[in-house]
Amino acid sequence: MLDIEIDGEALQVAEGSTVIEAAHQLGVYIPHFCYHKKLSIAASCRMCLVEVEKAPKPLPACATPVTNGMKVFTHSPLAVKAQKGVMEFLLINHPLDCPVCDQGGECQLQDLSVGYGYDNSRFIEAKRVVVNKDLGSLIRTDMTRCIHCTRCVRFLEEIGGQIELGQANRGDRSEIMPFIEGSIKSELSGNIIDLCPVGALTSKPFRFSARTWELARRKSVSPHDGLGSNLAVQTKHDKVMRVLPLENEDINECWLSDKDRFSYEALNSAERLTKPMLKHGGEWHEVDWARALDYVAHALNDIARNQPAGSIATLASPHATLEELYLAQKLTRGLAGVIDSRLRTSDFGLDGQRQGIPWLGMKISEISQLDRVLVIGSFLRKDHPLIAQRLRRRARQGAQVSLLHVTADDPLIRLHASAFAAPRELPALLAQVVKSAAEQKGVSVAAELAAVQVGEDARRIAASLLSAANGAVFLGNYAEQHAQAAVLQALAQQLAEITGVRLGYLGAAANSVGAYVAGAVAQGADDNAARLLATPRKAYLLLQTEPELDCVNPRAAVAALKQAATVVALTAFKSASLMEHADVLLPVAPFTETSGSFVNGEGRLQSFNAVVKAQGEARPAWKVLRVLGNLTGQDGFDYASSEDVRNELLPEAPAFVAGLNNQARAVCSAADLQSSGKGLQRIAEVPSYFADALVRRAPSLQKTPDAAPPAARMSAATLQQLNLTAGQNVRVRQDGGEVQLPAQIDDSLPDGCLRVAAAHASTAALGAATAEITVERA
């Protein structure tokens, strides 16, 4: 620790700290633009100049390291004169358009110019004008306002992982611009809007829709992935206008993914369902709540009384709140029905063998302390952008991050080692790592691994994990949805035990863990989501689910709904699939219009309240389920609030849910490691902006490259083998369904594989995401 004095106040700071960090520790504000606590030091704006005793001139506080006995003066005449001089230069070319600037009212330059600017200008030459840049559908530019702090440049390189912006030219001709005039493709791009201290980078969807002082601010939690990012939702006249990050170092730090930031646009979609609807004679009619609920209650009771147990099935979205999932399973089981929320899962081999609830295996903040990591089966930067940025930062600091996957997509992480294989060969690839780890550690190799041939990449990954002081093995979304997910977990569990690292699941949805807590998963081997669709039931209750897009096998989902006598959808949106296959549509509120809770990947319980009133006649889903419980004659549905529901499930609302455990009596045999089948294999990832009902309806997100319509993507060798040409339309067939898609070359894919995205209307006619597939010239 070093002694320092700032403005006459003494304190001790850690060696290596800068003056600005010491000042913040003391609560002293030093004006700045380019400095940010999460970014590297640029010292380019010079606004933080301070006087240091015995220094010949003012020094930048952000780049000046503390020395023992240093005396700093932040508001001395010399420091203030220097800061005012810098401000004068910053304002030389800045336009005087604050009244029409979208940053007005929350602009750092505007605020600091009041204290450090002059009321007139000595600059009489013509101001320069900079041409605006097209950065895509999310970010609007006005580059004449740019003060070249380079926060955006540093963020995209250091946090986003890719250099997409740079500074060209010198002096007063400097410009921030994209390379080759391209748009920004980062899944974290919206953060540069927050970082920009002026109005050079603003939100394109929010632009000119409201002023900051008109907005009410409410806390909330993201409903998308297993992180549970904390949100500051800004509203005006009961309409969500903007979503910003709410800083929480333990979860999302001060960042948001673009999915979390811009999906609010869907809340005002033209597809919003605002009144209950009944289908009669093939025609839809708007009805009142009493009639709709009475119809549903009678239909469910008739089936429960007159049909065998299990004739009613509930398909629940893991994006629903904890309270909604709990009441859905309580209602369903009260009617002798079955429920599952693992809609994208293919392999349920661990049901009945699992101990506790699968989870991340650690706190999210602990990812930033890992020194060795292996990620298995994950489109990491797209599925989990904020976890990816933590691993990216650790890799830059020297941690070894390795990846096993079915594509060579660039995670924008400095990988220590990586290996890629076709889907049916992924278990054998992981088995190589397990066998190598056992051999290197000198422990016995399991019998099923005896014949496995170990490659060099597997040896490097095994050696890396064996050298871990604090390591982890993570199973990603693709690994959990794999046709041999149980085998992958068995091998990952063996690897974690051999190497002494922790095992974790990167949860795909906001309540992937919460669904287990609520009991909204199958309790019997034949009650899982796949069986609920393979053996059609008399009635389906759909909780915020669009089966054609949310299930691993859309053809099976549609076939099951067609054979059902009654299909009831609790949904916020009218989708074409629901309008065709449902009998009743009950409008329920999305997360911004209801109260509830999410349990994120680390088991943290986060509750939130509604930030706006529900649109039209929409009601919170927990209230609808409570009324259905009463109307069907069940006991224990007398709740006054969502807190009552939560407290029944989790008394005293613990900060972290207990009973999490990734250990399972999982086993794999030698047969599981043999590649079976010779046909073309489908790689069916769920693109980030197709993953749930909200992002699918956010117009700005749907204009990004990540939301491009699916294509039939394959390696050049596979394309040639099939006698096809890139760019031509091809006919893709699977499980009796077919679609036409353009063929594209994707050399990140193993030979013998066809990459066709799931969860999109253009590919919903295909079958299971893990089934073999054929392709031919259209």
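These numbers come from a predicted model, not from an experiment.

### Some remarks on the overall build of the protein
(1) Moving on: Helix and strand counts for the protein come out as 23 helices and 32 strands.
(2) Moving on: For the protein, whose C-alpha radius of gyration is 28 Å, the value lies close to the compact-globule estimate of 28 Å for 778 residues.
(3) Moving on: Based on the C-alpha atoms only, the size of the protein along its principal axes is roughly 90 × 70 × 55 Å.
(4) Moving on: Split into buried and exposed, the 778 residues of the protein put 61% on the buried side.
(5) Moving on: Put simply, of all contacts in the protein between residues at least 6 apart along the chain, 72% involve residues at least 24 apart.
(6) Moving on: One way to put it: in the protein the 79 positive side-chain charges average out to a point 3 Å from where the 85 negative ones average out.

### Points about the packing of helix α8 (residues 322-334) against helix α21 (residues 642-649)
(1) Moving on: Running from N to C, α8 and α21 point in directions that differ by 70 degrees, and their axes come no closer than 9 Å. Overall, the two elements α8 and α21 adopt an arrangement that is roughly perpendicular. For α8 against α21, the interelement crossing comes out left-handed. Contacts between α8 and α21 involve Leu 322, Glu 323, Tyr 326, Leu 327 and Lys 330 from the first element and Ser 642, Val 645, Arg 646, Glu 648 and Leu 649 from the second.

### Examining the sheet that holds strand β2 (residues 9-13)
For sheets, the rule is that strands pair by backbone hydrogen bonds, running either parallel or antiparallel.
(1) Moving on: Pairing in this open sheet of five strands is mixed, and the strands run β2-β1-β5-β3-β4 from one edge to the other. Looking at strand neighbours, the two that pair on one side only are β2 and β4 (59-60), the edges of this open sheet.
(2) Moving on: Inspection of the sheet shows strand β1 (residues 2-6) paired to β2 by five bridges, in the antiparallel sense. When the sheet's bridge partners are listed, Glu 5 is paired in β2 with Ala 10.
(3) Moving on: Helix α2 (residues 77-92) rests against β3 (49-52) and β5 (70-73) of the sheet, and its axis sits at about 160 degrees to β3.

### A short note on the pattern of salt bridges
(1) Moving on: Scanning all chains against the criterion turns up 40 salt bridges.
(2) Moving on: Across the pair Asp 550 and Arg 344 runs a salt bridge, and its minimum N-O distance is 3.5 Å. Taken together, the positions of Asp 550 in helix α17 (residues 547-550) and Arg 344 in the loop between β16 (338-340) and β17 (372-376) put the pair 206 residues apart, joining distant regions of the chain. Across the pair, Arg 344 and Asp 550 agree in class, each one buried.

### Examining the sheet that holds strand β11 (residues 230-235)
(1) Moving on: The strand order β10-β11-β12 describes an open sheet built from three strands, whose pairing is antiparallel. Among the strands making up the open sheet, the edge pair consists of β10 (216-221) and β12 (240-245). The sheet shows a mean angle of 30 degrees between the axes of neighbouring strands, direction not considered.
(2) Moving on: When β11 meets β12, the two strands line up antiparallel, connected through five bridges. Opposite Thr 235, over in β12, you have Val 240 as the bridge partner.

### Quick look at the UniProt feature "domain: 4Fe-4S Mo/W bis-MGD-type" (unreviewed entry) in the protein
(1) Moving on: Taken from the UniProt record, the annotation "domain: 4Fe-4S Mo/W bis-MGD-type" (unreviewed entry) applies to residues 215-271.
(2) Moving on: In the segment residues 215-271, helix accounts for 9% and strand for 32%; the C-alpha atoms at its two ends are 25 Å apart.

### Describing the domain arrangement of the protein
(1) Moving on: As far as domains go, the protein holds domain 1 (2-192), domain 2 (212-268), domain 3 (277-352 + 512-649), domain 4 (364-505) and domain 5 (677-777).
(2) Moving on: On a C-alpha basis, the centroid separation for the pair domain 1 and domain 2 is 26 Å.
(3) Moving on: The largest contributions to the domain 1 side of the interface with domain 2 come from Lys 38, Leu 138 and Asn 191, which together make up 40% of the buried area.
(4) Moving on: Where domain 1 touches domain 2, the interface holds four salt bridges.
(5) Moving on: Put simply, domain 1 and domain 2 have nine residue pairs in polar contact (both at pLDDT 80 or more) between them.
(6) Moving on: Here the side of domain 1 that touches domain 2 is composed, by residue class, of four nonpolar, seven polar and four charged.

### So, the nonpolar core
(1) Moving on: The biggest cluster of nonpolar side chains holds 71 residues, and the ones touching the most others in it are Phe 33, Phe 155, Leu 165, Ile 192 and Phe 474.
(2) Moving on: If you list the elements that add at least two residues to this core, you get α2, α3 (108-116), α4 (151-158), α5 (191-195), β17, α10 (385-396), β18 (400-405) and β20 (471-475).
(3) Moving on: Tallying contributions element by element places α10 first for this core, with five residues.
(4) Moving on: In this structure, Phe 155 is in contact with Leu 39, Gly 160, Leu 188, Asn 191, Ile 192, Leu 195 and Trp 255, ignoring residues within four places of it in sequence.
(5) Moving on: Membership of the second largest hydrophobic core comes to 49 residues, among which are Val 517, Val 588, Trp 622 and Val 624.

### Quick notes on a nonpolar patch on the surface
(1) Moving on: A contiguous nonpolar surface patch, about 370 Å² in accessible area, is contributed by Ile 163, Phe 179 and Ile 180.
(2) Moving on: Relative to the helices and strands, Phe 179 resides in the loop between β8 (175-178) and α5.

### As for the environment of Ile 41
(1) Moving on: Its place among the elements puts Ile 41 in the loop between α1 (19-26) and β3.
(2) Moving on: Taking relative accessible area as the criterion, Ile 41 reaches 46% and is therefore assigned partly exposed.
(3) Moving on: Counting along the chain gives 304 residues from Ile 41 to Thr 345, while the straight-line C-alpha distance between them is 45 Å.

### Quick notes on α3
(1) Moving on: Three or more residues of α3 are buried, namely Leu 109, Leu 112 and Tyr 116. Along the axis of α3, the buried positions cluster into a sector of 75 degrees, meaning they face one direction only.
(2) Moving on: Against the buried residues of α3 lie α2.

### Section: the side chain of Asn 511
(1) Moving on: Topologically, Asn 511 is positioned in the loop between β21 (502-505) and α15 (514-518).
(2) Moving on: We classify Asn 511 as buried; its relative accessible area is 0%.
(3) Moving on: There is a polar contact of 2.7 Å between the side chain of Asn 511 and the backbone oxygen of Ala 320.
(4) Moving on: Those residues within four positions of Asn 511 in sequence are excluded, and the remaining contacts are Pro 318, Ala 320, Thr 321, Leu 322, Leu 325, Ser 597, Phe 598 and Val 599.

### So, the packing of aromatic side chains
(1) Moving on: Considering all chains together, one arrives at four aromatic pairs under this definition.
(2) Moving on: Taking the centre distance of 6.4 Å and the plane angle of 75 degrees together, the rings of Phe 637 and Tyr 639 count as edge-to-face.
(3) Moving on: Using a relative accessible area of 7% as the deciding quantity, one classes Tyr 639 as buried.
(4) Moving on: Between Lys 330 and the ring centre of Phe 637, over which it is positioned, the NZ or CZ distance is 5.1 Å.

### Some details on unusual backbone geometry
(1) Moving on: The phi dihedral of Ala 43 falls on the positive side, at around 55 degrees, and the residue is not glycine.
(2) Moving on: Take Ala 43: it is sitting in the loop between α1 and β3.
(3) Moving on: On the basis of relative accessibility, which here comes to 16%, the residue Ala 43 falls in the buried class.
(4) Moving on: A positive phi angle is found at Glu 253, which is not glycine, with a value near 55 degrees.
(5) Moving on: Among the residues examined, Glu 253 registers a relative accessible area of 2% and is labelled buried.

### Remarks on α4
(1) Moving on: In terms of residue burial, α4 counts as a mostly covered element, since seven of its eight residues are buried.
(2) Moving on: Buried-residue contacts for α4 involve α3, β7 (165-168), β8, α5, β9 (201-203) and α10.

The rules we used
Residues numbered from 1 in each chain as written. Predicted model: local features only at pLDDT ≥ 70, side-chain atom pairs only at ≥ 80, totals over all residues. Heavy atoms only, no water. Helix = DSSP H or I, 4+ residues; strand = E, 2+ residues; numbered from the N terminus. Rg over C-alpha atoms; globule rule 2.2 N^0.38 Å. Buried < 20%, exposed > 50% of the residue type's maximum accessible area, 1.4 Å probe, protein only. Contact = heavy atoms within 4.5 Å. Lys, Arg positive; Asp, Glu negative; His and termini not counted. Charge placed at Lys NZ, Arg CZ, Asp CG, Glu CD. Axes fitted to C-alpha atoms, helices over the stretch in contact; angles between N-to-C directions. Parallel < 35°, antiparallel > 145°, perpendicular 65-115°, else oblique. Left-handed = near helix turned anticlockwise from the far one by under 90°. Pairing = 2+ DSSP bridges. Salt bridge = Lys/Arg side-chain N within 4 Å of Asp/Glu carboxyl O. UniProt positions renumbered as here; feature names shortened; annotations may be inferred. Domains from an automatic or database assignment. Buried area = accessible area lost by both parts, 1.4 Å probe. Polar contact = N/O pair within 3.5 Å; in protein donor to acceptor, adjacent residues only side chain to side chain. Nonpolar A, V, L, I, M, F, W, Y, C, P; charged D, E, K, R; others polar. Core = buried A, V, L, I, M, F, W, Y, C linked by side-chain atoms within 4.5 Å. Patch = residues over 30% accessible without salt bridge, like charges linked within 9 Å, V, L, I, M, F, W, Y side chains within 5 Å. Areas by Shrake-Rupley, 256 points an atom, 1.4 Å probe, with all protein chains shown as cover. Arc of directions from axis to C-beta. Phe/Tyr/Trp six-rings, centres within 6.5 Å; stacked < 30°, edge-to-face > 60°. Lys NZ or Arg CZ within 6 Å of the ring centre and 35° of its normal.

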